[in-house]
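So the chains spell out like this:
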Amino acid sequence: MQGRVSLGHLCMLDVLEPEHRARVIGRIRDAGIHVISLPATELHVKARTDVTRTWRGVTPHRRAP
């Protein structure tokens, strides 16, 4: 399925520790998986039900080493 797989949103990447995030992004890249970031959606829906955090952000999918 390489080159034919896409991931959408990936909204939780921005809450990972930088080293963990870099490993995840690297594995996605090495697997040849495409990424579809939906920042407008994430800014509105992410953490909408979280009572302990009020963060809103855009997934940092370009922060690979």
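Because the structure is predicted, anything quoted here is derived from the model rather than measured.

What counts as what
- Residues numbered from 1 in each chain as written.
- Predicted model: local features only at pLDDT ≥ 70, side-chain atom pairs only at ≥ 80, totals over all residues.
- Heavy atoms only, no water.
- Helix = DSSP H or I, 4+ residues; strand = E, 2+ residues; numbered from the N terminus.
- Buried < 20%, exposed > 50% of the residue type's maximum accessible area, 1.4 Å probe, protein only.
- Areas by Shrake-Rupley, 256 points an atom, 1.4 Å probe, with all protein chains shown as cover.
- pLDDT = per-residue confidence, 0-100.

### A short note on the overall build of the protein
For step 1, the next point in the chain: A tally of regular secondary structure across the protein gives two helices and two strands.
For step 2, the next point in the chain: Written out in order from the N terminus, the α and β elements of the protein read β-α-β-α.
For step 3, the next point in the chain: Of all 65 residues assigned to the protein, the portion counted as buried reaches 22%.
For step 4, the next point in the chain: Surface summary for the protein: the accessible area is close to 4,900 Å², and the carbon and sulfur share equals 55%.

### What about the side chain of Arg 21?
For step 1, the next point in the chain: Its location among the elements puts Arg 21 in helix α1 (residues 18–30).
For step 2, the next point in the chain: Residue Arg 21 is classed as buried on the basis of its relative accessible area of 8%.

### So, the confidence of the model for the protein
For step 1, the next point in the chain: Averaged over every residue, the pLDDT of the protein is 75; the share at 70 or more is 57%.
For step 2, the next point in the chain: Summarising per-element confidence for the protein, the mean pLDDT is lowest in helix α2 (residues 39–45) (69) and highest in α1 (91).

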